[in-house]
Amino acid sequence: MMTKRWKLPAMFLVAICMGSLAADWKPVEGTLMTRWAAEVDANHPLPDYPRPQMARENWINLNGLWNYAIQPKADPVPQSWQDQILVPFCVESALSGVMKPLTPDQKLWYRRTFRTPDMNNGKRLLLHFGAVDWESQVWVNGVLVGSHKGGHDPFSLDITKAITNGSNEVIVSVWDPTDTDSYPRGKQSLHPKGIWYTAVSGIWQTVWLETVPDCYISSLNVQADTRRVTCRVSTGGSPCADGETVQISVMENGQVKAAVEGQPGETISINVPEAKQWSPQNPFLYDLHVEMKRDGKRLDRVTSYFGMRTIEVRPDDRGQQRLFLNGRAVFQLGLLDQGWWPDGLYTAPTDDALRYDIEITKRLGFNMIRKHAKTEPDRWYYWCDRLGLLVWQDMPSGTPDIWQPGNLWVRPEHTEEVQRSPESAEQFNHELMAIIDAFRNHPSIIMWVPFNEGWGQHDAVRTSEKVKRYDPSRLVNAHSGWLDLGAGDLMDIHHYPGPGIELAKGRASVLGEFGGLGLPVTNHLWGSDRNWGYQTLDTASELATEYKQLIQTLYSLTGLGMAAAVYTQTTDVEGEVNGLMTYDRAIIKLDESWLRDVNSKLYGPPATTLPMLLSSEKTPQTWKYRIGNPPDGWEQPGFTDLQWLDGPAPFADKKNPFYPLGTLWPEKKICMRRNFQLTKIPPMLTIQTAFNLDDLEVYINGVKVLDQEKDRDKLRGHTSRHYQFIDISEHVSALKTGANVIAVKARKNAEERLIDIGLYGTWPYPMEASTCSLFQPDLRNVGLAMSMPANQRLFP
């Protein structure tokens, strides 16, 4: 794709300097800053053209210093202004120059002036807002020209009738309920702590003016596969006459590759000869030129671009559901990307900063980003398109403070969705579809994620079906984490630190969140007393060890059908220190080349992973067990356990929800034994476990392979919803062909005790097709494994 650095017209320079006191502006001191903060110029912050997907040459950037006032919500337009704020940075951010909170009983007001550009030949003037959080009203010269609800989608207003020659005044009011109401707000909170961050209110993306013809191109809907591209051109302004046509030209390296003419409003199809596919390895982009004409004379012209790719879920040659990009199974390893900045909060200080996170993500060996509970400016997706990074796009969650009554939160143990009010549901759906409309042309976006972890989850089945009908070119992840209702293209679980996997017939199995390994770095922290990770470590060496352990276990799970995984997270965010970078982006916590090499293992053929010893996750498995302390030699292969009891796992007390599925474990100590046979020894070994314990020891043939006291990093906390997988390949030598025995000793002093164990062997290469038939969604059913002919089984 050809790139163009937009020149700043003279009227742009006039507009941004009018009435500004840029020399007096400075960020609020005392907060953590990125290195790009020093590059912010109050005369023209974020000067790049904001909408690469539909670009015009004549535009005026209104970013810069505006007057502002904060006053009670019911008060009218301010008669005086408190100070100046740097747009487009939210009022709570240091880069705004204000850094004040906005409460739900207040309104934030903005004011600035601009001069009318050339309006000859019946032109119209559009006022564009990249995003304003949350409810905004806009006046031009005292005339209310429009309003908007929603903090994460762009909107435009035709202000032609309100302007005058010369100077014009624009005033914007903003009301933001944040977490006091059910409107989509992502991870913002008026009381930030833990996974909830500082609230963002007001203008947080570029504001700009654009002159257009009386009848103009208002939007493009561009969809491409690997052979053709379709484009539907919508128009705005005065109704177009019958004689209008649109000409669409596909450009490659400045040359016309294909061109077709059609009518506005119709879907126009263009075959692209010898089409180049878009992928993370080769993010090739075609330019798209669109002209609207009347009687052969050009009325309007915009430029765009597109990438040619397909995405689908279908079974591979093993029968496992995988994510296929351009007809090829591609494992997707991504980062959970919050998109927050210590100095700009929702808004990156500069376009270079915006690009940096994407570049680093690729350099560290990831091919995907899950944009979490937030949207980004169009230019962020442009850089993903251009640099080659797959995007799972979340819908920002909508629920009041989840710790308060009436919070619309589906907790992990719940089995039913929340009930939203009709108004709340309508607003959520309106914002969801507006976000899809705004960003659907970006080839990097391959998935929509309507709900995360039950936050405001309602009517997920219908919602996912609606999204799929509206945009069949992408996958739909109906509910990432927690309450799964069988909808969408994926079975997505969250497991910290994990990893874990759940299989579902006809859907790909993915790990939507895992990891969360925390490492606080002195002098690069948001605060000194709020820092935490899902597992907090002390050194980079420890972080590297634990990260590699997670990836090695994840690799084993590719053999069970794992199709994608999302590590938490790109950067530290406020009190969270589980980023691969510090919040200020100054430190990458792990060596780049080392991390890239570790991650690369996941992009080859899936492993072959087979059950050696089934857990009771799908089918009850019987153990020999004894309540209380074990006798001497209990862990050795030759020990006689005939006097022990027989019972199916899991072993749990009556307070644990797993209890009805297995055997009662009434006292604090238990010992378990089980025999199994092997005909081959795998090079990699993984334990599968569900546990809630104070202490655990696991022995294979008398060799201790897991000790909770020493392996706290592997057995953090407890499992609640999903079994955890733990790589113990360093102990594979404990296995032998023929008879083997596993012995388990567990202790839990308090209630809700739980233990179950399984073993899996992994080979780093594909097995023959007959053996691979074990890889079905019910692979843990012992009847399936034992029904295989003996000469085709690795495990008798």
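I will try to describe carefully the structure that is included in this document. (Residues numbered from 1 in each chain as written. Predicted model: local features only at pLDDT ≥ 70, side-chain atom pairs only at ≥ 80, totals over all residues. Heavy atoms only, no water.)

Points about the packing of aromatic side chains
No. 1: Here the structure, examined in full by the defined rule, presents 32 aromatic pairs.
No. 2: Relative to Tyr382, the ring of Tyr305 lies with its centre 5.9 Å away and its plane at 65°, an arrangement referred to as edge-to-face. Pair noted here: Tyr305 is in strand S21 (residues 297-306) and Tyr382 is in helix H3 (residues 378-387), with a separation of 77 residues, a long-range link. Assigned by exposure class, Tyr305 and Tyr382 land together as buried.
No. 3: An aromatic cluster of three or more residues is present, and its members are Tyr197, Trp204, Trp340 and Tyr346.
No. 4: One Lys or Arg, Lys276, reaches over the ring of Phe284 and ends 5.3 Å from the middle of that ring.
No. 5: Between Arg314 and the ring centre of Phe324, over which it is positioned, the NZ or CZ distance is 3.8 Å. (Phe/Tyr/Trp six-rings, centres within 6.5 Å; stacked < 30°, edge-to-face > 60°. Helix = DSSP H or I, 4+ residues; strand = E, 2+ residues; numbered from the N terminus. Buried < 20%, exposed > 50% of the residue type's maximum accessible area, 1.4 Å probe, protein only. Lys NZ or Arg CZ within 6 Å of the ring centre and 35° of its normal.)

A few points about the pairing of strand S37 (residues 608-613)
No. 1: Counted residue by residue, S37 has 6 buried out of 6 residues, so it is predominantly covered.
No. 2: Pairing analysis gives 5 bridges linking S37 to strand S48 (residues 754-763), with the strands arranged antiparallel. Note that in S48 the partner of Thr609 across the bridge is Thr762. (Pairing = 2+ DSSP bridges.)

Considerations on the sheet that holds strand S30 (residues 475-476)
No. 1: Spatially, the 8 strands line up as an open sheet ordered S30-S28-S27-S26-S25-S36-S33-S32, and their pairing is parallel. Looking at strand neighbours, the two that pair on one side only are S30 and strand S32 (490-495), the edges of this open sheet.
No. 2: Here H3 sits on the sheet and contacts strand S26 (368-371), strand S27 (390-394) and strand S28 (445-449); the angle it forms with S27, its principal contact strand, is near 150°. (Contact = heavy atoms within 4.5 Å. Axes fitted to C-alpha atoms, helices over the stretch in contact; angles between N-to-C directions.)

Overview of the pairing of strand S8 (residues 143-149)
On any regular strand, side chains alternate: one points to one face of the sheet, the next to the other face.
No. 1: Two elements, strand S7 (residues 135-140) and S8, share 6 bridges in a ladder whose sense is antiparallel. Among the inter-strand pairings, Gln137 is bridged to a residue of S8, identified as Ser147.
No. 2: The turn joining S7 and S8, which pair antiparallel and follow one another in sequence, is formed by 2 residues; a positive phi near 55° is taken by Asn141.

Examining the environment of Ile501
No. 1: Here Ile501 shows up in the loop between S32 and strand S33 (508-515).
No. 2: Of the residues examined, Ile501 reaches a relative accessible area of 2% and is grouped as buried.
No. 3: Note: C-alpha distance between Ile501 and Ala563 (62 residues apart in sequence) is 9.9 Å.

Observations concerning the sheet that holds strand S15 (residues 215-224)
No. 1: Strand order in the open sheet formed by 3 strands is S15-S16-S19, with antiparallel pairing between adjacent strands. Edge strands, defined here as strands with exactly one partner in the open sheet, are S15 and strand S19 (267-271). If you compare each strand with its neighbour and ignore which way they point, the axes differ by 25° on average.
No. 2: Across 5 bridges, strand S16 (residues 228-237) lies against S19 in antiparallel orientation. Paired with Thr230 across the two strands is Ser269, which belongs to S19.

Concerning the pattern of salt bridges
No. 1: Counted according to the given criterion, the structure contains 39 salt bridges.
No. 2: Between Arg124 and Asp158 there is a salt bridge whose closest N-O contact spans 2.8 Å. Of this pair, Arg124 sits in strand S5 (residues 124-129) while Asp158 is found in strand S9 (residues 155-158), placing the two residues 34 residues apart along the sequence.
No. 3: Among the residues examined, Asp158 registers a relative accessible area of 32% and is labelled partly exposed. (Salt bridge = Lys/Arg side-chain N within 4 Å of Asp/Glu carboxyl O.)

Some details on the packing of helix H6 (residues 540-558) against helix H7 (residues 592-600)
No. 1: The interhelical angle for the contact between H6 and H7, taken along N-to-C directions, is 20°, at an axis separation of 10 Å. Classified by the angle between their axes, H6 and H7 sit roughly parallel to one another. Viewed along their axes, H6 and H7 form a crossing whose handedness is right-handed. Between H6 and H7, the residues in contact are Ala544, Tyr547, Lys548 and Ile551 and Trp594, Leu595, Val598 and Asn599, respectively.
No. 2: Looking at the contact of H6 with H7 residue by residue, the classes come out as 6 nonpolar, 1 polar and 1 charged. (Parallel < 35°, antiparallel > 145°, perpendicular 65-115°, else oblique. Left-handed = near helix turned anticlockwise from the far one by under 90°. Nonpolar A, V, L, I, M, F, W, Y, C, P; charged D, E, K, R; others polar.)

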